[in-house]
Amino acid sequence: MTVSVPPSPRRLGPVNWVGLWTLYLKEVRRFAKVATQTVLAPLVTTLLFLAIFSLALGRAVDTIGGVPFLQFLAPGLVMMAMVQNAFANTSSSLLISKIQGNIVDVLMPPLSPGELTLGFAAGGVSRGLVVGVAVGLAMWLAVPFPLHHPGFVLFHAVAASLMLSLLGIVGGIWAEKFDQMAAMTNFVITPFAFLSGTFYSVERLPAVWRTAAHLNPFFYMIDGFRYGFIGHADGSLAAGLVVMTAANLALWLLAYRLFAVGYKLKA
Amino acid sequence: MSAGTAAPRRFGAVNWLGLRTLFRRELRRVLVEYRDTVLGPAVSGLLFLAVFRLALGGAEGADDGATFLQFLAPGLVIFAACQRAFETAAASLIYDKLEGILADTLMAPLTPVERTLGYAGGAAASGLVTGAVVLAAMLPFVDLPLAAPAAVLFFAVGGTLLHALLGVLVGLWAERWDHYSASLTFLVIPFAFLSGTFYSIERLPAFGQQAVTLNPVFYVIDGFRYGFIGRADGSLAVGLAVVVAVDLLLFAAAWRLFAAGYKIKP
């Protein structure tokens, strides 16, 4: 005769690993389930960009800084696809959960603000990297580009995806409606990604804008990432490492604080 | 003084009031979100302009007299207009279907032709508004001539209508939002991007040049651009015929689907 004993609460150490892993898996499965939209679509769009730019400018622009134009362009396009998707992953996940009301499923379990930040951000980074690898491979078939410094490629891929994932968390927590998110994508993320040297060397910018570019994290992520492939950078690589690390830390703290105080999440 | 029940409104062959109401609703539901639906495309258009300008730097980029930016700007304008028209029509129908409020238009005394006209007309009009705003935003940066206003008008209306009708078809067919974004990403945008929005098709390999002449979207972009810079890659007469024919064909298809109640009536 067994006596039914009520289950005792699971004991957690300093980190709720099961919870963190579960949140991460949820974030990954969320985009993997609709891979057509989340991986294939950016792949097609980015290849279209490559085709357009090579057809429109291929004749007029041979090289940038001694590098063939398409080799210059390809890493920038890969980076652009990565950051847009990393941002889309976290921001849409939080916003949709908030609007549909199932955000409580994430807020009620015993997850600390740090674990929430990490779980969401890691999901966004995963999407960024998956898209990056897919787009990168497809591009490499079309435009074989070298790989000079894999370390820089890896660092900037992860740092940039993380930065945009964190920005997506902040945006997702702040936004209350889909149009606010669309506005953020249209008026902030896309312009930054476009104007920060994906398509051209910032050396071409007027002096004021060149100075502005050197304060812009988007510029460093594209420039450093591209350096990893083609071995040519417009800006300072050391500054890039510092700026990316600092931007990530600052955004991490911000996201952490927002989760901790429950800004727009808890009544 | 009779307090009888209101008599049904009488109308002739066309329910003008109903048609106008549907048209205005379709137009307004988009324009009320003007930040995303009108200003968003304007910013994207300017971004493309800036990026190409900077990527070209001092390099020539002249295409037979017209500077590259003069060539590019009309392409971006008609692209924005057509994309808006498609999105409006498709998103409206999918939204109404998923929310279960499509009954509001299906119950109203509108014929299938009036429904097609209302949805597609409102969507095309929203595309024209968007195109006009994108054009206005570009004018300070590009010195754009106006060679043939009639061509501008014809291809703007024909092109947005084409995309609006395509949007109606996709909207009727789609059952989920995935279908909508897939049709946009894999159909509408590639067609527009590869049909000469950004480059003269003379730059394509021979095979590509031939393929493009079978593509109605190419004629829309080419004809619209001709209206500004006075130079076309393809034949204008063929373009005119193709756009009219495709518009009629799509209209007939949308009308038949509405009449049959395809995916919208049990």
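Throughout what follows, the structure given in this document is the object of discussion. (Residues numbered from 1 in each chain as written. Chains lettered and ligands numbered in written order. Predicted model: local features only at pLDDT ≥ 70, side-chain atom pairs only at ≥ 80, totals over all residues.)

**Things to note about the overall build of chain B**
Here comes step 1: Per the secondary structure count, chain B includes ten helices and zero strands.
Here comes step 2: Helices and strands appear in chain B in the N-to-C order α-α-α-α-α-α-α-α-α-α.
Here comes step 3: Against the globule reference of 18 Å for 266 residues, chain B gives a C-alpha radius of gyration of 20 Å, in line with a compact fold.
Here comes step 4: Across the 266 residues in chain B, those meeting the buried criterion constitute 47%.
Here comes step 5: Of all intrachain contacts in chain B linking residues separated by at least 6 positions in sequence, the fraction that spans at least 24 positions is 85%. (Helix = DSSP H or I, 4+ residues; strand = E, 2+ residues; numbered from the N terminus. Rg over C-alpha atoms; globule rule 2.2 N^0.38 Å. Buried ≥ 20, exposed ≤ 12 C-beta atoms within 10 Å, placed from the backbone. Contact = placed C-beta atoms within 7 Å.)

**Brief notes about the interface of chain A and chain B**
Here comes step 1: Across the boundary between the two partners, chain A contributes 27 residues, which contact 28 residues of chain B.
Here comes step 2: For the side of chain A that touches chain B, the elements supplying multiple residues, two or more each, are helix 2 (35–57) and helix 7 (178–195) of chain A.
Here comes step 3: Among the elements that take part in the side of chain A that touches chain B, helix 2 of chain A stands out by supplying eleven residues, more than any other.
Here comes step 4: Taken together, the residues of the side of chain A that touches chain B break down into 20 nonpolar, five polar and two charged. (Nonpolar A, V, L, I, M, F, W, Y, C, P; charged D, E, K, R; others polar.)

**A look at the nonpolar core**
Here comes step 1: In this structure, A:A160, A:M163, B:A89, B:A120, B:A164 and B:V220 are the most contacted members of the largest nonpolar core, which totals 156 residues.
Here comes step 2: Of all the elements, helix 3 (residues 68–99) of chain B adds the most residues to this core, at 18 residues.
Here comes step 3: Setting aside its immediate chain neighbours within four residues, A:M163 contacts A:P217, A:M244, A:A247, A:N248 and A:L251. (Core = buried A, V, L, I, M, F, W, Y, C linked by C-beta atoms within 7 Å.)

**Here we look at the packing of helix 6 (residues 149–173) of chain B against helix 9 (residues 216–229) of chain B**
Residues and elements named next belong to chain B.
Here comes step 1: Direction vectors running N to C along helix 6 and helix 9 enclose 155°, while the axes themselves pass 7 Å from each other. By the criterion of interaxial angle, the relationship of helix 6 to helix 9 is roughly antiparallel. For the pair helix 6 and helix 9, the sense of crossing is left-handed. Between helix 6, through P149, A151, V152, F155, A156, G158, G159 and L162, and helix 9, the contact on the second element is made entirely by P216, V220, G223, F224, Y226, G227 and F228.
Here comes step 2: Of the residues that constitute the contact of helix 6 with helix 9, the class distribution is eleven nonpolar, four polar and no charged. (Axes fitted to C-alpha atoms, helices over the stretch in contact; angles between N-to-C directions. Parallel < 35°, antiparallel > 145°, perpendicular 65-115°, else oblique. Left-handed = near helix turned anticlockwise from the far one by under 90°.)

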